Amino acid sequence: MTITSIGRPVAKSCSEEGNFSHKSSHQLSPALIKDNLVPVVTPLISSGDVDVDAIDRLVRFHASTLGTRALFTVGGLGRFFALTDEQRVKAAEAFITSNRRHGSKIKIFTGATSETSDGALSNIRHMKKKGADAIFIAPLYFLQMDEISSFVCRAREALGPDLPLLLYNNPDFSRMCPSDAPRSSKNLDPAILRSVADNASAVKDSSADPSLFSRYVEAAGGKLALYTGDEPKLVHYVKRRGSSGCVGGLGNVTSTAGQLARSLAAAAAEAAAADESGKGAITDDDSGEQNAATSSDLADLTAKFDREVAALQQIMDAHPDVPAPDVVAAVMHHCLSQAGLVQPYPEELLKILSPKDASFLRENGFVPS
């Protein structure tokens, strides 16, 4: 049976099959942009509490300096797993409030993941009330695989018909899977996406498995926006796998990934329009030159992005015994603290990097000026 609110469909019961004939209003939300949803760090002070002042500085930096279009707050790079529910809600509220205060048009995605389903639902309700543009959860952090469909139905009831819900697949955060299970078995089952097709809005996939991403695209049936967390392969995922963009950490300190994702989306839209209107027949004498210029700009952006990815990879390769997510988090916290945007904390992260790493990052333009 369909649950309604003011005469509008909100969610189907968990026993009903997904309806692939049309998109729901939350799946058409303007928050689901084709871009880099920047997984922003969560600034803390030395006591371990959320640094609201630093969040305000970060929002201004992203809005005025980087031109960021969306912030993915309280996620993996935001180290949600090291926060309490109270801190998660506090950080989300601070990003939302600062964004409004500065009149920014940045879309704020807030992470509602908790240690329990009740905690996650409570976070969802709080973050909706605070004014999030979209909410996401890492379901396998607190749910068994066979509990996800039912929980997503409950989440949709709490969210209402319009607010997007993104499912975050990351095998590193699959606490409910056996610890000794192969990494490949710690991913969201594609069949789950079909069962939640009416109630979920998007997926972020950090499996770094292109074939699995394609299975997610197929299971989503054109209803869900899909973003890759495999930032180095952004171009491949957008061009070959149907990704709407990425959730890439480099966006904490540089705007290149966002610019590239938008350019790739524009190029794809132009190609589709040309094909629709007659296989790209040219009616304007300047069209060829304009297309060449666009291609040249895209090539330049891709080359710049590849250099940034290679530089970050060099830092990760220098620390083979440290989990890659921790190295990336250390890099972003270090660079932002060097720029005076956040405090030099947590100390255990910053200790990962050597003085040589610090010099390398500055030389390669990772420290905002």
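What counts, and where the lines are drawn
Residues numbered from 1 in each chain as written. Predicted model: local features only at pLDDT ≥ 70, side-chain atom pairs only at ≥ 80, totals over all residues. Heavy atoms only, no water. Helix = DSSP H or I, 4+ residues; strand = E, 2+ residues; numbered from the N terminus. Buried < 20%, exposed > 50% of the residue type's maximum accessible area, 1.4 Å probe, protein only. Contact = heavy atoms within 4.5 Å. Pairing = 2+ DSSP bridges. pLDDT = per-residue confidence, 0-100. Polar contact = N/O pair within 3.5 Å; in protein donor to acceptor, adjacent residues only side chain to side chain. Axes fitted to C-alpha atoms, helices over the stretch in contact; angles between N-to-C directions. Parallel < 35°, antiparallel > 145°, perpendicular 65-115°, else oblique. Left-handed = near helix turned anticlockwise from the far one by under 90°. Nonpolar A, V, L, I, M, F, W, Y, C, P; charged D, E, K, R; others polar. Core = buried A, V, L, I, M, F, W, Y, C linked by side-chain atoms within 4.5 Å. Salt bridge = Lys/Arg side-chain N within 4 Å of Asp/Glu carboxyl O.

### Side note on the overall build of the chain
Line of reasoning, step 1. Looking only at helices and strands, the chain has twelve helices and nine strands in total.
Line of reasoning, step 2. In the chain, which comprises 369 residues, the proportion classed as buried is 53%.
Line of reasoning, step 3. Across the chain, contacts joining residues at least 24 apart in sequence account for 74% of those joining residues at least 6 apart.

### Let's talk about the sheet that holds strand S3 (residues 37–38)
Line of reasoning, step 1. In space, the seven strands of this open sheet follow the order S3-S4-S5-S6-S7-S8-S9, with parallel pairing throughout. Either end of the sheet is taken by a strand with one partner, and the two such strands are S3 and strand S9 (225–228).
Line of reasoning, step 2. Bridge count between strand S5 (residues 107–111) and strand S6 (residues 134–137): three bridges; the pairing is parallel. Bridge pairing links Gly111 to Phe136 in S6.

### So, the confidence of the model for the chain
Line of reasoning, step 1. Summary statistics for the chain give a mean pLDDT of 91 and a share of 90% for residues scoring 70 or more.
Line of reasoning, step 2. In the predicted structure, residues 1–13 sits below a pLDDT of 50 and forms 33 contacts with residues beyond four places in sequence or in another chain.
Line of reasoning, step 3. Every residue in residues 280–284 is under pLDDT 50, and counting partners more than four places away or in other chains gives three contacts.

### Here's the deal with the side chain of Lys223
Line of reasoning, step 1. Here Lys223 shows up in the loop between helix H6 (210–220) and S9.
Line of reasoning, step 2. Since its relative accessible area comes to 1%, Lys223 is described here as buried.
Line of reasoning, step 3. A distance of 2.9 Å separates the side chain of Lys223 from the backbone oxygen of His22, its partner in a polar contact.

### Digging into the packing of H6 against helix H7 (residues 234–241)
A pair of packed helices is characterised by two quantities: the angle between their axes and the separation of those axes.
Line of reasoning, step 1. Packing of H6 against H7 leaves a shortest axis separation of 11 Å and a crossing angle of 40°. The angle between the axes of H6 and H7 places the two elements in the oblique class. In the crossing of H6 with H7, the sense of the turn from one axis to the other is right-handed. Contact residues: Pro210, Ser211, Phe213, Ser214 and Val217 in H6; His236, Tyr237 and Arg241 in H7.
Line of reasoning, step 2. Split by residue class, the contact of H6 with H7 holds four nonpolar, three polar and one charged.

### Observations regarding the nonpolar core
Line of reasoning, step 1. Ranked by size, the top nonpolar core spans 111 residues in total, and within it Phe109, Ile124, Phe151, Leu167, Val331, Met332 and Phe366 carry the most contacts.
Line of reasoning, step 2. Among residues more than four places away in sequence, those in contact with Leu167 are Ile137, Val152, Leu188, Leu193, Val196, Ala200, Ala202, Val203 and Lys204.

### Some remarks on unusual backbone geometry
Line of reasoning, step 1. Note the cis peptide between Tyr345 and Pro346, where omega equals 5°.
Line of reasoning, step 2. By the secondary structure assignment, Pro346 is in the loop between helix H10 (324–338) and helix H11 (347–350).
Line of reasoning, step 3. With a phi close to 60°, Val74 is a non-glycine residue in the positive phi region.
Line of reasoning, step 4. On the basis of relative accessibility, which here comes to 2%, the residue Val74 falls in the buried class.
Line of reasoning, step 5. Phi is positive for Ala208, close to 60°, though the residue is something other than glycine.
Line of reasoning, step 6. Residue Ala208 is classed as partly exposed on the basis of its relative accessible area, which comes to 44%.

### Concerning the pattern of salt bridges
Line of reasoning, step 1. What the rule picks out here adds up to twelve salt bridges.
Line of reasoning, step 2. For Asp198, the salt bridge identified is with Lys223, shortest N-O distance 2.9 Å. Taken together, the residues Asp198 in the loop between helix H5 (190–195) and strand S8 (202–205) and Lys223 in the loop between H6 and S9 connect sequence positions 25 residues apart. Assigned by exposure class, Asp198 and Lys223 land together as buried.
Line of reasoning, step 3. Here the salt bridges share partners, and the residues they tie into one network are Asp35, Arg69 and Arg262.

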